[in-house]
Amino acid sequence: QVQLVESGGGLVQAGGSLRLSCAVSGLIFDTWTMGWFRQAPGSDREFVAAINWSGLTTTYLDSVKGRFTISRNNGENTVALQMSSLKPEDTAVYYCASARSGTPRKESGYDYWGQGTQVTVSS
């Protein structure tokens, strides 16, 4: 059974930082691409960042480039999203997801999803 469990969400003031983590079990982690998505109230879920199996290829939503960093630890089966210079518009439920290959930016490219963790940025 594949499980993705996010943690690290919370309430932070604008300009602050948070580090999200996703623990993965039930698949051969170091062969899967990992991604982060987010969904704000009343909005569709959107791509945030992805990292390939080796960690050598990453891709980001334009609005988070330079502020967010995705990383992975294949020895611990975890993927992280370090978020800095947070803005109120970053408020959303953040989800991690796994994809079989590439660094897809669409939800349809991902096979497994976590339950999400809430990030709230106050102004």
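Bear in mind that the values here come from a model prediction, so they are computed numbers and not experimental data.

**Student:** Give me the lowdown on the sheet that holds strand β1 (residues 3-7), citing residues and values where you can.
**Tutor:** Strand order across the open sheet formed by four strands is β1-β3-β8-β7, with antiparallel pairing between neighbours. Pairing within the sheet leaves two strands with one partner each, and these edge strands are β1 and β7 (68-73). Going from strand to strand, the sheet's axes swing by 15° on average, the running direction of each strand aside. Direction of pairing for β1 relative to strand β3 (residues 18-25): antiparallel, over a ladder of five bridges.

**Student:** Could you give an account of unusual backbone geometry, naming the residues involved and the relevant values?
**Tutor:** Phi angles above zero are rare outside glycine, and Asn77 is one such case at about 55°. Here Ser85, not a glycine, exhibits a phi torsion of approximately 50°, which is positive. Judged by relative accessible area, Ser85 falls into the partly exposed class, the value being 43%.

**Student:** Tell me about the pairing of β7, residues and numbers included.
**Tutor:** Burial along β7 is one-sided: Phe68, Ile70 and Arg72 are buried, and none of Thr69, Ser71 and Asn73, which face the opposite way, are. Pairing analysis gives six bridges linking β7 to strand β8 (residues 78-83), with the strands arranged antiparallel. Counted as the bridge partner of Ile70 is Leu81 from β8. The turn linking β7 back onto β8 is made up of four residues, and Asn77 within it adopts a positive phi angle of 55°.

**Student:** How would you sum up the packing of aromatic side chains? Please name residues and give values.
**Tutor:** Going through the model one piece at a time under the given rule, you end up with five aromatic pairs. Ring centres of Trp32 and Tyr112 lie 5.7 Å apart, and the angle between their planes is 55°; on these two criteria the pair is classed as tilted. Note that Trp32 is positioned in the loop between β3 and β4 (33-39) and Tyr112 in strand β10 (residues 112-113), a separation of 80 residues in sequence. Here Tyr112 falls in the partly exposed class, since its relative accessible area comes to 30%. Seen from their ring centres, Phe37 and Phe47 are 5.7 Å apart, and the 80° between their planes marks the pair as edge-to-face. Pair noted here: Phe37 is in strand β4 and Phe47 is in strand β5 (residues 46-51), with a separation of ten residues, a long-range link. Neither Phe37 nor Phe47 differs from the other in exposure class; each is buried. An aromatic cluster of at least three residues, connected via ring pairs, comprises Phe37, Phe47, Tyr110 and Trp113.

Calculation notes
Residues numbered from 1 in each chain as written. Predicted model: local features only at pLDDT ≥ 70, side-chain atom pairs only at ≥ 80, totals over all residues. Heavy atoms only, no water. Pairing = 2+ DSSP bridges. Helix = DSSP H or I, 4+ residues; strand = E, 2+ residues; numbered from the N terminus. Axes fitted to C-alpha atoms, helices over the stretch in contact; angles between N-to-C directions. Buried < 20%, exposed > 50% of the residue type's maximum accessible area, 1.4 Å probe, protein only. Phe/Tyr/Trp six-rings, centres within 6.5 Å; stacked < 30°, edge-to-face > 60°.

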